[in-house]
Amino acid sequence: MSLSLPAFRRKWSCRGYMSVGAAMVTVVLGFADGAEARKYGSPLDIFGIAAPRPRATVHSENVSGKIPLPRPRPEEAPKASAKASDESPSETDDKPSADKPGTPKPAEAAPPPEKQASACRLALTEEIAIAPSIPDIRGPGACGGEDLVRLEAIVLPDKRKVAVKPAAILRCTMASAIADWVRKDVVPLAASLGSTISDLDNFDSFECRGRNRVVGAMLSEHGKANAIDVRAIKLANGQSIGLTDRTMSREVRERVLHSVCSRFSTVLGPGSDWYHEDHIHLDLAQRRNDYRICQWNVWDPLPQVAPLLPAERPEEAPPREVAAKPEAKHGVDDEAAEKSPAPADKPAADGNKTQPHKPATKKRR
């Protein structure tokens, strides 16, 4: 440590011990060993900012400098593979060993339970209708439905099949109602006409749309697979019973009307609106208090030939002149004329005044 006297006097005032003209004082303190120097404070260390003091001895388990070793592996522990040795002990213990015999294997994921068949599906057997089940439909909005079938044909009691052309996608309850209607009502109707039913003309079944295909209208029962439009019933002899055909017998169409209105909750046909002038709409819509709608006007049949000209007069008809003056009525009128007094014989109501004579006339028919 080297200090000059002027510099020393500027930093520390020590007038009692040193004079202005004193020579430079050099103080050198040296120790042979650094560890020995740390035992003593630096000279003139007034503020105590010299070398740091030695720290207190830390007592720990590693006083002897030995590293603790892990506990020995128990003999009954399973042998760890090279890959398992890299894993932590907790992971090794939690995972069961696949090589060790008797270790239970993890249970495989159970398949989802199959959907149970509804009561309608169990009742609609192949002896009644050919209607295989199809998956549920989840369309936009509320379109679609559950427990759906594809009605392909209806099996009659005598094992004959009535084809539904084209096949209709319906709910099971609606398909069952159609099959019951054909088997119990349409078959006797066809028998009264001297034939048997062969086909059912399906105009429309499931279609995701609003009522009458109006944009923004309430969802139709067709969008719920709960409706069918029937246009005609075809017989085995080639005859077709058009349900809205005015040339068809009125009695036949009325029988169909009474049968469908007693089975379905909605029946729309001619007279309901102009959307149903060429087919019959049938559905099983559920309403409050089991309210039903049956709007189908059975119009009178149209004449085969329009009467443009009057019919010809038959040859055996009497002449027109004789027909205009029948003899019987003419005789009655003559007798009445003879019995009536002449106008001259009647007494005058006013003395000399007489009424003018008027010839008798016949009343025209």
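None of these values were measured; they are calculated from a predicted model. (Residues numbered from 1 in each chain as written. Predicted model: local features only at pLDDT ≥ 70, side-chain atom pairs only at ≥ 80, totals over all residues. Heavy atoms only, no water.)

Quick word on the state of the cysteines
Inference 1: Within this structure, the stated rule accounts for three disulfides.
Inference 2: The disulfide partner of Cys120 is Cys172, and the S-S distance across this bridge is 2.1 Å. The S-S bond linking Cys120 to Cys172 shows a torsion near -95 degrees; that makes this disulfide left-handed. Of this pair, Cys120 sits in helix 5 (residues 119-123) while Cys172 sits in helix 6 (residues 172-192), and the two are 52 residues apart along the sequence. (Disulfide = S-S within 2.5 Å. Helix = DSSP H or I, 4+ residues; strand = E, 2+ residues; numbered from the N terminus.)

Here's the deal with the pattern of salt bridges
Inference 1: Using the criterion set out here, one finds 15 salt bridges in the structure.
Inference 2: The shortest N-O distance in the salt bridge between Glu221 and Lys224 comes to 3.6 Å.
Inference 3: Among the residues examined, Lys224 registers a relative accessible area of 28% and is labelled partly exposed.
Inference 4: Look at the salt bridges and you will find they share partners, linking Asp180, Lys184, Asp185 and Arg263 into a network. (Salt bridge = Lys/Arg side-chain N within 4 Å of Asp/Glu carboxyl O. Buried < 20%, exposed > 50% of the residue type's maximum accessible area, 1.4 Å probe, protein only.)

Concerning helix 6
Structural remark: α-helix, 3.6 residues per turn; residues separated by three or four positions point the same way.
Inference 1: With 21 residues, helix 6 should cover 30 Å at 1.5 Å per step; its first-to-last C-alpha distance of 30 Å lies within 8% of that length.
Inference 2: Bending of helix 6 peaks at approximately 35 degrees at the position of Val186, with proline Pro188 no more than four residues after it.
Inference 3: Of all the positions in helix 6, only Cys172, Met174, Ala175, Ala177, Ile178, Ala179, Trp181, Val182, Val186, Leu189 and Ala190 are classed as buried.
Inference 4: Gly194 lies just past helix 6 and shows a positive phi near 85 degrees. (Expected span 1.5 Å × (residues − 1). Bend = angle between axes of the 7 residues up to and from the residue.)

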